[in-house]
Amino acid sequence: MNISDSEIVASIMKDAYLTQTTDMKEADVIFMNTCSIREHAEQRVRKRLSELRSLKKKKPGLLVGVLGCMAERLKDQLLLEEKVVDIIAGPDSYRDLPKLLDIAGEGQKAINVILSADETYADINPVRTGSNCLSAFISIMRGCENFCAYCVVPYTRGKERSRVPETILNEAKNLFKNGYREITLLGQNVNSYKWKSDNAEMDFPDLMKSIASIDSRLRVRFATSHPKDLSDKLLMTIAELPNICRSIHLPVQSGSTKILKLMNRKYSRESYMERIEAIRKYIPECSISTDIICGFSSETDEDHNDTLSLMEWAKFDYAFMFKYSERPDTLAAKKYKDNVAEEIKSQRLNDIIALQQKLSLESNKSDIGKTFEVLIEGESHKSKDFLSGRNSQNKVIIFPRKNFKAGDYVDVKVLRCTPATLIGEDV
Ligand code: SF4
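Read on for a plain summary of the structure.

Cut-offs applied
Residues numbered from 1 in each chain as written. Predicted model: local features only at pLDDT ≥ 70, side-chain atom pairs only at ≥ 80, totals over all residues. Heavy atoms only, no water. Helix = DSSP H or I, 4+ residues; strand = E, 2+ residues; numbered from the N terminus. Rg over C-alpha atoms; globule rule 2.2 N^0.38 Å. Contact = heavy atoms within 4.5 Å. Areas by Shrake-Rupley, 256 points an atom, 1.4 Å probe, with all protein chains shown as cover. Lys, Arg positive; Asp, Glu negative; His and termini not counted. Charge placed at Lys NZ, Arg CZ, Asp CG, Glu CD. Phe/Tyr/Trp six-rings, centres within 6.5 Å; stacked < 30°, edge-to-face > 60°. Buried < 20%, exposed > 50% of the residue type's maximum accessible area, 1.4 Å probe, protein only. Salt bridge = Lys/Arg side-chain N within 4 Å of Asp/Glu carboxyl O. Core = buried A, V, L, I, M, F, W, Y, C linked by side-chain atoms within 4.5 Å. Axes fitted to C-alpha atoms, helices over the stretch in contact; angles between N-to-C directions. Parallel < 35°, antiparallel > 145°, perpendicular 65-115°, else oblique. Nonpolar A, V, L, I, M, F, W, Y, C, P; charged D, E, K, R; others polar. Pairing = 2+ DSSP bridges. Near = heavy atom within 4 Å. Expected span 1.5 Å × (residues − 1). Arc of directions from axis to C-beta. Polar contact = N/O pair within 3.5 Å; in protein donor to acceptor, adjacent residues only side chain to side chain.

### Topic: the overall build of the protein
Okay, so step 1: Secondary structure summary: the protein contains 14 helices and 19 strands in total.
Okay, so step 2: In terms of overall size, the protein behaves like a compact globule, its C-alpha atoms giving a radius of gyration of 22 Å where 427 residues would be expected to give roughly 22 Å.
Okay, so step 3: Its C-alpha atoms put the protein at 65 × 55 × 55 Å along the principal axes.
Okay, so step 4: Residue pairs at least 24 apart in sequence account for 71% of intrachain contacts in the protein once pairs closer than 6 positions are excluded.
Okay, so step 5: Only carbon and sulfur atoms are counted for the fraction: they give 52% of the accessible area of the protein, which is about 19900 Å².
Okay, so step 6: One way to put it: in the protein the 64 positive side-chain charges average out to a point 2 Å from where the 62 negative ones average out.

Structure follows, in structure tokens:
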């Protein structure tokens, strides 16, 4: 989401006649687009800001801006704590950046952290900064109103709002015309996308269908889904269209119904399992990945074992795994104690990581002998003689280069694997 937002900021800056540089020393303005989801993310921003102090001493006119969730969360407190910062801009105030730059250019601190009920940056054509010219993100909705107890996002990114479908479709069509072959539809809660006007409406499955119908050579992915919004209609739409990728990221967070309730996740262990069964029924070849938080308030050994047994049962192909990190002002910070000892959190995280490594290896081993259509992304990091790409299941496959090039689709038979990579040859 932050990469996508940075591309929107780059576009707004381009319209204000600022050009980008990859050399920090050359820059007159440095923006840091920040995340508040974990304390660790914020600590890294603080460290980067302290590194900018010496740069600013050498170049007094340099302007430093903090954008995104950390700006929204800390507001003017950040200006007091970090003297190097000149501009604070929350996620809904990027259109205001040229004005904030003018104010800061005159030597004043500039801040806009007003959250909007309808800003989606729908009309802004993002500058594809971090792109490989094959894959791009399209932000289709912003904000979240789920208020999971541990999460800061509803406070930093505001109310949920969906972008006008025509603007999404036009962006996808332009990307395809310009050679892009894979788009990822983005939103904090992407599958609750719903757009309504006086005489029309569109939900997420219908939007996916329209985008996938642009061209069968355009792959469509999406992130991140909430289990409560993963409808049968969506699964049937994915099953119907081969270019919607067979890969669903479905954060579970915990395998214990008691903890899920405390987390305010709005589903139980059983209803999550029912959704996994639905995925397997409609799209048997689909890979499933997840997010897991261990050590949430009052998590017992039994709750932890519930998470491990759910992982074994679901056979996740991949997982992002974290220790619980209490975030200020969230429901959990106000209502619950962060009462699982740090060493227990670490031990539980180790258990979860070890189990996931085993599951990922088993999943990759089960692909040996299968043939997948791979979209080539470029050279393998390990050898110039090999190319690297992804299959529909979002697994990385490397294979001999021959005469193929980035952007080609090639059928690759898997011959062997590591826990993270499939290795094969074209057939
Ligand atoms: S669904 Fe929950 S975890 Fe995801 S952004 Fe919304 S509040 Fe945060």
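### A few points about the packing of aromatic side chains
Okay, so step 1: Taken as a whole, this structure holds 10 aromatic pairs when the rule is applied.
Okay, so step 2: Aromatic side chains Tyr94 and Tyr121 sit 5.8 Å apart centroid to centroid with 15° between the ring planes, which places their arrangement in the stacked category. In this pair, Tyr94 sits in the loop between strand S3 (87–89) and helix H5 (97–105) while Tyr121 sits in the loop between strand S4 (110–112) and strand S5 (135–139), placing the two residues 27 residues apart along the sequence. Each member of the pair, Tyr94 as well as Tyr121, is classed as buried.
Okay, so step 3: The interplanar angle of 80° and the centroid separation of 6.0 Å between the aromatic rings of Phe296 and Tyr336 together place this pair among those described as edge-to-face. Here Phe296 is found in the loop between strand S13 (287–294) and helix H12 (301–314), whereas its partner Tyr336 is found in the loop between helix H13 (331–335) and helix H14 (342–365), with 40 residues between them in sequence.
Okay, so step 4: Take Phe296: its relative accessible area is 0%, and that puts it in the buried class.
Okay, so step 5: Given a relative accessible area of 18%, Tyr336 falls into the buried group.
Okay, so step 6: Counting every residue linked through ring pairs, the aromatic cluster contains Tyr150, Phe296, Tyr324 and Tyr336.

### Observations regarding the pattern of salt bridges
Okay, so step 1: Applying the stated criterion across every chain yields a total of 43 salt bridges.
Okay, so step 2: Lys258 is the partner of Asp303 in a salt bridge, and the nearest nitrogen-oxygen pair spans 2.8 Å. Of this pair, Asp303 sits in helix H12 while Lys258 is found in helix H10 (residues 257–262), placing the two residues 45 residues apart along the sequence.
Okay, so step 3: For Asp303, a relative accessible area of 6% puts it in the buried group.
Okay, so step 4: Among the charged side chains, a network of salt bridges with common partners joins Asp5, Asp92, Arg142, Arg157 and Arg161.

### Regarding the nonpolar core
Considering soluble globular proteins, one finds that nonpolar side chains tend to be buried as a cluster.
Okay, so step 1: By size, the foremost hydrophobic cluster in this structure holds 54 residues, and its most contacted members are Ile140, Leu185, Ile211 and Ile248.
Okay, so step 2: Not counting residues within four places of it along the chain, the set of residues in contact with Ile248 comprises Phe222, Ser225, Leu230, Leu235, Ile238, Ile279, Ile283, Cys286, Ser287, Ile288 and Ser289.
Okay, so step 3: Within the second largest apolar cluster, 19 residues are counted, among which are Leu49, Leu55, Leu74 and Ile88.

### Some words on the packing of helix H1 (residues 2–15) against H5
Okay, so step 1: Relative to each other, H1 and H5 sit at 65°, their axes nearing to 9 Å. Classified by the angle between their axes, H1 and H5 sit roughly perpendicular to one another. Residues Val9, Ile12 and Met13 of H1 touch H5, and the partners they reach there are Leu97, Pro98 and Leu101.
Okay, so step 2: The residue inventory of the contact of H1 with H5, partitioned by class, reads six nonpolar, no polar and no charged.

### Let's talk about the sheet that holds strand S12 (residues 247–249)
Okay, so step 1: Spatial ordering of the open sheet is given by S12-S13-S14, a layout of three strands whose pairing is parallel. What marks the edges here is a single partner per strand, and that holds for S12 and strand S14 (318–323). The mean angle between the axes of side-by-side strands here comes to 10°, regardless of whether they run parallel or antiparallel.
Okay, so step 2: With six bridges connecting them, S13 and S14 associate as parallel partners. Within the sheet, the bridge partner assigned to Cys294 lies in S14 and is Lys323.

### Section: the site of the ligand
Okay, so step 1: As a matter of local geometry, the ligand sits amid Cys144, Asn146, Phe147, Cys148, Tyr150, Cys151, Val153, Pro154, Gln188, His226 and Arg265.
Okay, so step 2: By residue class, the composition of the shell around the ligand is seven nonpolar, three polar and one charged.

### Some thoughts on H12
Okay, so step 1: Here H12 contains 14 residues, and its C-alpha end-to-end distance of 20 Å stays within 8% of the 20 Å for a straight helix at 1.5 Å per residue.
Okay, so step 2: What H12 keeps buried is the set Asp303, His304, Thr307, Leu308, Leu310, Met311 and Ala314. In a view along the axis of H12, the buried residues occupy a sector of 160°, so they form one face of it. For H12, exposure combined with an orientation more than 90 degrees from the buried face picks out Asp301 and Glu302.

### Quick notes on the environment of Ser297
Okay, so step 1: Note on placement: Ser297 falls in the loop between S13 and H12.
Okay, so step 2: What makes Ser297 buried here is its relative accessible area of 5%.
Okay, so step 3: Separated by 42 residues in the primary sequence, Ser297 and Asn339 place their C-alpha atoms 5.6 Å from one another.
Okay, so step 4: Within polar-contact distance, the side chain of Ser297 engages the backbone oxygen of Lys337 at 2.7 Å.

### A closer look at unusual backbone geometry
Okay, so step 1: Going from Ala223 to Thr224, the amide bond is cis rather than trans, its omega being -5°.
Okay, so step 2: One non-glycine residue, Gln253, adopts positive backbone phi at about 70°.
Okay, so step 3: Take Gln253: it is sitting in the loop between S12 and H10.
Okay, so step 4: One non-glycine residue, Lys402, lies in positive phi territory at about 45°.
Okay, so step 5: Of note, Lys402 is situated in the loop between strand S17 (396–400) and strand S18 (409–417).
Okay, so step 6: Of the residues examined, Lys402 reaches a relative accessible area of 54% and is grouped as exposed.

Scope: geometric values only; no functional claims are made or implied.
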